[in-house]
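# Working through the structure, step by step
Each chain is listed here by its residues.
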Amino acid sequence: MRKLLLLILLLCALAASAHAETRSYTYGGSGHDILYDAAVSADGRIILTGTTDSSDGTLSSRTKAGRSGWALCIDTQGNVLWNFCTRRGSHDSLRYPVFLEDGSVAMLLDTSHSGLYEVEWILLDRDGNQLDRKILDSRGTPWLVRSDGVYHADHSGYIVRALNKKTTEQLSLLYTFDGDLIGEADDVEEEFFPAPILPDGTRITIQNDDDLPLDVTVIFESAAP
C-alpha cells in the first residue's frame, strides 16, 4: 500500500509538471551582478532590483564604472525595457521596488560612504527616469542602517532598521512608500517582501550565479492553459 501511495504521488507530481510552462532569461554583464527583489505592475512591467558593476551585456548602455545600485525593468516576455543605476558609495544596492498608483516605482538604496550608513528613497517614472530621491536615515559608525522590506501587517510602507554595533541598541523605523516617516515601531516582524506574481498567476523567481557572465537568471513559471 505504501509503495502504491508513493507511486500515485509521483504520478501526480509528473502530471502537474507536464502542465507547467517554464521560461528563463539571463541578465547582467561580465562583472558581478545580483538581483534580489522583484515587483509587478498592473500593466505587466516587472522591476527587479539589486547591484552591479558591469557595463556590458544587458548593461551596455551604462557609461560609469564601479559597483552601483541596479534596477532592471523587463516585460512579461523577458525583454529589457530599461536599466537604472545609481552610486553614492562603494557598496550600493537597490532593494524592495514598489509600484505606486500612478505607475511610478519607489525603491530603497542601501549605501555607505565617509563613515555614514544611509538608506535613501528613490522614485522613478515608468520609463526609468528619476523623479525624486531623499535620505530616509543617515548615521555614522557604530550605527549600521539598512532597508528591511515592507511592513508585514498591511504592506503599507517600508521598514528601515538601525543597529548600534557597540551598544546593540536597535531601532525599527516605518516610512510610507512616498518616503515619509511614520514613526518607530516596537513590534516589527522579520524581513518581508511579497513574492512577484503576474496577473495570470505566473510566478517569478531569481537565481544568481557568481561564476558566470550574464549571471542573473529570471524564471517565469506558469500553468499551461
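Figured I'd write up the structure that's included with this text. All values derive from a computational prediction rather than experimental measurement.

## Overview of the environment of threonine 22
Position of threonine 22 among the secondary structure elements: in strand E1 (residues 20-27). As a C-alpha pair, threonine 22 and isoleucine 219 span 197 residues in sequence and 7.0 Å in three-dimensional space. Dropping the residues within four chain positions of it, threonine 22 is found in contact with Ile219, Phe220 and Glu221.

## Thoughts on the packing of aromatic side chains
One pass over the full model with this rule turns up three aromatic pairs. Ring centres 5.0 Å apart and planes at 85° place the aromatic pair tyrosine 158 and phenylalanine 177 in the edge-to-face group. With tyrosine 158 in strand E11 (residues 157-164) and phenylalanine 177 in the loop between strand E12 (170-176) and strand E13 (181-184), this residue pair connects regions lying 19 residues apart in the sequence. Of the residues examined, tyrosine 158 reaches a relative accessible area of 0% and is grouped as buried. Owing to a relative accessible area of 15%, phenylalanine 177 belongs among the buried residues under this scheme. The ring of phenylalanine 220 carries arginine 23 above its face, with NZ or CZ at 4.7 Å from the centroid. Against the face of tryptophan 121 rests lysine 134, its NZ or CZ located 5.4 Å from the ring centre.

Parameters and conventions
Residues numbered from 1 in each chain as written. Predicted model: local features only at pLDDT ≥ 70, side-chain atom pairs only at ≥ 80, totals over all residues. Heavy atoms only, no water. Helix = DSSP H or I, 4+ residues; strand = E, 2+ residues; numbered from the N terminus. Contact = heavy atoms within 4.5 Å. Phe/Tyr/Trp six-rings, centres within 6.5 Å; stacked < 30°, edge-to-face > 60°. Buried < 20%, exposed > 50% of the residue type's maximum accessible area, 1.4 Å probe, protein only. Lys NZ or Arg CZ within 6 Å of the ring centre and 35° of its normal.

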